[in-house]
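For reference, the chains in residue letters:
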Amino acid sequence: MALGWKLHGDGKTMGPDDVVAPDERLSWGRTVGLGAQHVVAMFGATFVFPLVMGLNPQLAIMMSGIATICFLLIVQGKVPSYLGTSASFVGAVVAIRAQEGATSATVTGAILVAGLVLTLVGVAIHFAGSAVLHKVLPPVVTGAVVMLIGFNLAPVVANIYWPQDQWVALLVMTFTIVCAVAFKGFVSRIAVFLALIFGYVISWVFDKVFGQITSYDAAAGEVTTHFRTNFDNLASQPWFGLPPSTTMGPDGKEIVGIHAPSFSIAAILLVLPAVIALVAENTGHVKAVAEMTKTDLDPSMGRAIAADGVGTMIASSVGGSPTTTYAENIGVMAATRVYSTAAYYVAAAVAIIFGLSPKFGALVASVPGGVLGGITVVLYGMIGLLGAKIWKENGVDFGNPINLVPVAAGIVIGIGNVSLVFSDSFSLGGIALGTIVAVGAFHLARALAPAELRDRADAAGGTMISLGRREGDYGDADGIDDLYQDTPGGPDRRH
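Q: I would appreciate a short explanation of a nonpolar patch on the surface in the present structure.
A: Residues Ile-197, Val-201, Trp-204, Val-205, Val-209, Phe-210, Phe-231 and Leu-363 make up a contiguous nonpolar surface patch of roughly 740 Å² in combined accessible area. In terms of residues, the nonpolar patch owes the most to one element, helix α10 (residues 191-210), which gives six residues.

Next up, the structure:
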């Protein structure tokens, strides 16, 4: 059931082996506290990614709360998850904005269509079962698409964010790495959020000690001499109010806010590969929750994927960011052993309240470029390496040319932004072309290959996306960082 929770025990105490099920809750005071933890866990990435996509972070936070409530209702409260901003669309959005005449409406229109496609995929999986999905998108292909989406973003870091303030970027990057690996549990899960705070402080200190910096200013769109931190707009904003509507600034540039999407075939083709990444991501997260709750959630797999698509459609219909289920919040559940969906409703309500504060929106929009440089150099690389993680956990055999040759071509095309020009007004390139090559050429290679190569590929890589985790060992509950988890049945390793 989506609403209505049984009280777990006395609602106050939990034994060492107690688990709070999705349809249970602790006392409302403790549930509110757990909901606040979920807000902190999703917070950093949920408003960083709208910033790097040129969308409104205040609107993104508010719509993430609304999308989460819709998700929980669609899955009937069986899959506790938070829908934060998806990173899978960042590369495509950067490519869209590079096109002449592209606006934020073009971006959100393409994202809305991707959400519709994801919804339809979820509906199909619900009725046909997941076997069809894994036959069309085996782990070798899914890993390749996720990898090229992440690594395609490297030039964005190198050419836009890092040069704005290289020393702040270097310090923030180092802090993010240290915070993520030197601490266990909840602190490591919110490394991005803590890095944002650290970056703000360092930027303010550098302003006081070293004065202004001459570098590219994203607000001005050119190289200027300016302070790293600028809170001029913060004081003038009210505490409460809807996110602003999209307007044009005095310099003729778009100030993005609430807006209606517009649709472009070229832009839509650029974002569709992200659907593959979202299917893989949602599948993995549902399997992780199933392992932790010791519940068979395969019947809810299609609902969860469709619900993410619906969340993306709702958010983008008013100019918000695309959504996805968040591993950060799954990690919080693993650490607390509280899987109550009541905590997620609380987190969603808090996010909506934040989204109704223009002062909060102005604060987020003032994040210095050097801070984003330090964070994105880590985040974009992590997105790419998730593709390698999928390969490893599914035992993909790259000694087999069926796996090696077509995927190699697709990855280089995607990362290198190779283009296929059809006319002056239409071309395919980068992520879109790389995905088409990776998927299409793989199935072509498989169809042409001799039977022994096909059998070897099936035996090595299988057809199911595996998480490489045993029951209960997602996140930090087992005391072992996910980065060092071995394949199922193998020994755990720590460095």
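Having seen the model, we can carry on.
Q: How should I be thinking about the nonpolar core in this particular structure?
A: In summary, soluble globular proteins display a tendency toward joint burial of nonpolar side chains. Membership of the largest hydrophobic core comes to 102 residues, with the highest contact counts inside it found for Val-48, Phe-49, Phe-71, Phe-89, Ile-375, Tyr-380 and Trp-391. Beyond its immediate chain neighbours, meaning those up to four positions away, Phe-49 contacts Thr-85, Ser-86, Ala-87, Val-90, Tyr-326, Leu-379 and Tyr-380. If you look at the next biggest cluster of nonpolar residues, it comprises five residues, including Leu-26, Leu-34, Val-338 and Ala-343.

Q: Would you mind showing me how to read the packing of helix α4 (residues 104-128) against helix α13 (residues 301-316) here?
A: Helix packing for two helices is described by the angle between their axes and how far apart those axes are. For the pair α4 and α13, the least separation of the axes is 7 Å and the interaxial angle reads 160°. Our classification of the angle between α4 and α13 gives roughly antiparallel. Here α4 runs over α13; the crossing is left-handed. Here Thr-108, Ile-111, Leu-112, Gly-115, Leu-116, Leu-118, Thr-119, Gly-122, Val-123, Ile-125 and His-126 of α4 come into contact with α13, specifically with Met-301, Gly-302, Arg-303, Ile-305, Ala-306, Asp-308, Gly-309, Val-310, Thr-312, Met-313 and Ser-316. Across the contact of α4 with α13, the residue classes tally to eleven nonpolar, nine polar and two charged.

Q: Whenever I open this one, the environment of Phe-71 confuses me. Can you help?
A: Residue placement: Phe-71 occurs in helix α2 (residues 57-74). Taking relative accessible area as the criterion, Phe-71 reaches 0% and is therefore assigned buried. For the pair Phe-71 and Leu-83, spaced twelve residues apart in the sequence, the C-alpha separation amounts to 7.7 Å. With residues up to four places along the chain from it excluded, the contact list for Phe-71 reads Val-79, Ser-81, Leu-83, Ala-304, Ala-307, Asp-308 and Thr-325.

Q: Any chance you could explain unusual backbone geometry here in plain terms?
A: Excluding glycine, a negative phi dihedral is what most residues carry, and trans is how most peptide bonds are arranged. Even without a glycine there, the phi angle at Gln-76 is positive, about 60°. Residue placement: Gln-76 occurs in the loop between α2 and β3 (83-85). Judged by relative accessible area, Gln-76 falls into the partly exposed class, the value being 32%.

Q: When you look at the packing of aromatic side chains in this model, what are you seeing that I'm missing?
A: Aromatic ring pairs are described here by two measures, namely the spacing of the ring centres and the angle between the planes. Under the definition given, this model contains three aromatic pairs. Considering the side-chain rings of Phe-175 and Phe-198, the 4.3 Å spacing of their centres and the 5° angle between planes classify their relative orientation as stacked. Placement of the pair is Phe-175 in helix α8 (residues 166-182) and Phe-198 in helix α10, with a sequence separation of 23 residues. In this structure Phe-175 comes out as partly exposed when scored by relative accessible area, which is 27%. According to the relative accessible area criterion, Phe-198 is partly exposed, its value standing at 24%.

Q: Looking at this structure, I do not really get α2. What am I missing?
A: Residue pairs three or four apart in sequence face the same way in an α-helix, which turns once every 3.6 residues. Compared with the 26 Å implied by 1.5 Å per residue over 18 residues, the 25 Å span of α2 between its first and last C-alpha is a close match. Counted residue by residue, α2 has 13 buried out of 18 residues, so it is predominantly covered. Two or three places before Gln-58, at the start of α2, stands the capping residue Asn-56, its side-chain oxygen 3.0 Å from that residue's backbone nitrogen. At the C-terminal side of α2, Gln-76 shows a positive phi close to 60°.

Q: In this structure, what is going on with the environment of Thr-106? I would like to understand it.
A: With respect to the secondary-structure elements, Thr-106 resides in helix α4. Judged by its relative accessible area of 10%, Thr-106 falls in the buried class. A sequence separation of ten residues divides Thr-106 from Ile-96, and the C-alpha atoms of the two residues are 7.9 Å apart. Apart from the residues within four sequence positions on either side, Thr-106 is in contact with Ile-96, Ser-262, Ser-264 and Ala-267.

Calculation rules
Residues numbered from 1 in each chain as written. Predicted model: local features only at pLDDT ≥ 70, side-chain atom pairs only at ≥ 80, totals over all residues. Heavy atoms only, no water. Patch = residues over 30% accessible without salt bridge, like charges linked within 9 Å, V, L, I, M, F, W, Y side chains within 5 Å. Areas by Shrake-Rupley, 256 points an atom, 1.4 Å probe, with all protein chains shown as cover. Salt bridge = Lys/Arg side-chain N within 4 Å of Asp/Glu carboxyl O. Helix = DSSP H or I, 4+ residues; strand = E, 2+ residues; numbered from the N terminus. Core = buried A, V, L, I, M, F, W, Y, C linked by side-chain atoms within 4.5 Å. Buried < 20%, exposed > 50% of the residue type's maximum accessible area, 1.4 Å probe, protein only. Contact = heavy atoms within 4.5 Å. Axes fitted to C-alpha atoms, helices over the stretch in contact; angles between N-to-C directions. Parallel < 35°, antiparallel > 145°, perpendicular 65-115°, else oblique. Left-handed = near helix turned anticlockwise from the far one by under 90°. Nonpolar A, V, L, I, M, F, W, Y, C, P; charged D, E, K, R; others polar. Phe/Tyr/Trp six-rings, centres within 6.5 Å; stacked < 30°, edge-to-face > 60°. Expected span 1.5 Å × (residues − 1). Polar contact = N/O pair within 3.5 Å; in protein donor to acceptor, adjacent residues only side chain to side chain.

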